[in-house]
Amino acid sequence: MNRLGIDIGRVIINGPSGPGDTSFFSGDTAAMLRTPAVPGAFEAIARLVPLFDETWLVSKCGPRIQQRSLEWLAHHRFWERTGVAEGNVRFCLRRPQKAIHCAELGITHFIDDKPDVIRAITPVVANRYLFKNWKTTEAAVLRDLHAERAGRVG
């Protein structure tokens, strides 16, 4: 069984890569909801979801940003537009804790923009992708899935 895990911040919901503040974190609800998606995120995820037995979002954030993330996902119709099952989301308070969720969920492929997360999940996730953009990330996931399937057949 293949299960895909995807980070939320700067992988699905766009934002700065540094510590700088954005309306997503500090603005009012209307401003937060205007925060755009990462270019190509919804389309690429919608193409990847059918290739996996399950897809989960796994994100590090505190309670306030958890709520904002869920509001943003609902407002942008993420669940309907991508095919990810509503409710397939896990949150943790520290990045290394993503490994615990990945182990519990049986995640086999994980996309994240933080090198420290990639290091933390290495013992439990076979296929890890350091996110830069959706074009190259989707191509890497497809390449690995194709190689897996070719290995099982041949």
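Bear in mind that the values here come from a model prediction, so they are computed numbers and not experimental data.

**Some details on the overall build of the protein**
Working step 1: The number of helices and strands found in the protein is eight helices and five strands.
Working step 2: Computed over the C-alpha atoms, the radius of gyration of the protein is 15 Å, within 12% of the 15 Å expected from 2.2 N^0.38 for a compact globule of 154 residues.
Working step 3: Excluding contacts between residues fewer than 6 apart, the proportion of contacts in the protein whose partners are at least 24 apart in sequence is 67%.
Working step 4: Only carbon and sulfur atoms are counted for the fraction: they give 55% of the accessible area of the protein, which is about 7700 Å².
Working step 5: Taking the average place of the 21 positive charges on the side chains of the protein and the average place of its 16 negative ones, the gap between the two points comes to 4 Å.

**A few points about the pattern of salt bridges**
Working step 1: The final tally for this structure, using the stated rule, is nine salt bridges.
Working step 2: A salt bridge links Arg3 to Glu54, with the nearest nitrogen and oxygen atoms 3.2 Å apart. Note that Arg3 is positioned in strand E1 (residues 3–6) and Glu54 in strand E2 (residues 54–60), a separation of 51 residues in sequence.
Working step 3: A relative accessible area of 28% means that Glu54 is categorised as partly exposed.
Working step 4: Across the pair Arg77 and Glu80 runs a salt bridge whose closest N-O atoms are separated by 3.5 Å.
Working step 5: In this structure Glu80 comes out as exposed when scored by relative accessible area, which is 52%.
Working step 6: Taken together, the shared-partner salt bridges in this structure form one network comprising Asp7, Lys98 and Asp112.

**Details of the nonpolar core**
Working step 1: Counting residues in hydrophobic clusters, the biggest one holds 34 residues, and the most contacted among them are Ile6, Ile12, Leu57, Phe78, Ile111 and Trp134.
Working step 2: Where this core is concerned, the elements lending two or more residues are E1, helix H2 (29–33), helix H3 (41–48), helix H4 (63–75), helix H5 (78–82), strand E3 (89–92) and helix H8 (134–153).
Working step 3: Aside from chain neighbours lying at most four places away, what touches Phe78 is Ile12, Phe42, Ile45, Leu57, Leu73, Gly83 and Val84.
Working step 4: The next biggest cluster of nonpolar side chains, apart from the first, holds 11 residues, and it includes Val58, Cys102, Phe110 and Val125.

**Remarks on the packing of aromatic side chains**
Working step 1: This structure, assessed with the given rule, holds four aromatic pairs.
Working step 2: Aromatic side chains Phe42 and Trp72 sit 6.0 Å apart centroid to centroid with 75° between the ring planes, which places their arrangement in the edge-to-face category. Of this pair, Phe42 sits in helix H3 while Trp72 sits in helix H4, placing them 30 residues apart in sequence. Accessibility classification places Phe42 together with Trp72 in one group, the buried group.
Working step 3: Pairwise contacts between aromatic rings join Phe42, Trp72, Phe78 and Trp79 into one cluster.
Working step 4: Taking NZ or CZ as reference, Arg90 lies 5.5 Å from the ring centre of Trp56, over its face.

**Observations regarding the side chain of Asn2**
Working step 1: Relative to the helices and strands, Asn2 resides in the segment before E1.
Working step 2: A polar atom in the side chain of Asn2 sits 3.1 Å from the side chain of Glu148.

About the thresholds
- Residues numbered from 1 in each chain as written.
- Predicted model: local features only at pLDDT ≥ 70, side-chain atom pairs only at ≥ 80, totals over all residues.
- Heavy atoms only, no water.
- Helix = DSSP H or I, 4+ residues; strand = E, 2+ residues; numbered from the N terminus.
- Rg over C-alpha atoms; globule rule 2.2 N^0.38 Å.
- Contact = heavy atoms within 4.5 Å.
- Areas by Shrake-Rupley, 256 points an atom, 1.4 Å probe, with all protein chains shown as cover.
- Lys, Arg positive; Asp, Glu negative; His and termini not counted.
- Charge placed at Lys NZ, Arg CZ, Asp CG, Glu CD.
- Salt bridge = Lys/Arg side-chain N within 4 Å of Asp/Glu carboxyl O.
- Buried < 20%, exposed > 50% of the residue type's maximum accessible area, 1.4 Å probe, protein only.
- Core = buried A, V, L, I, M, F, W, Y, C linked by side-chain atoms within 4.5 Å.
- Phe/Tyr/Trp six-rings, centres within 6.5 Å; stacked < 30°, edge-to-face > 60°.
- Lys NZ or Arg CZ within 6 Å of the ring centre and 35° of its normal.
- Polar contact = N/O pair within 3.5 Å; in protein donor to acceptor, adjacent residues only side chain to side chain.

Interpretation in functional terms is not warranted from these geometric data alone.
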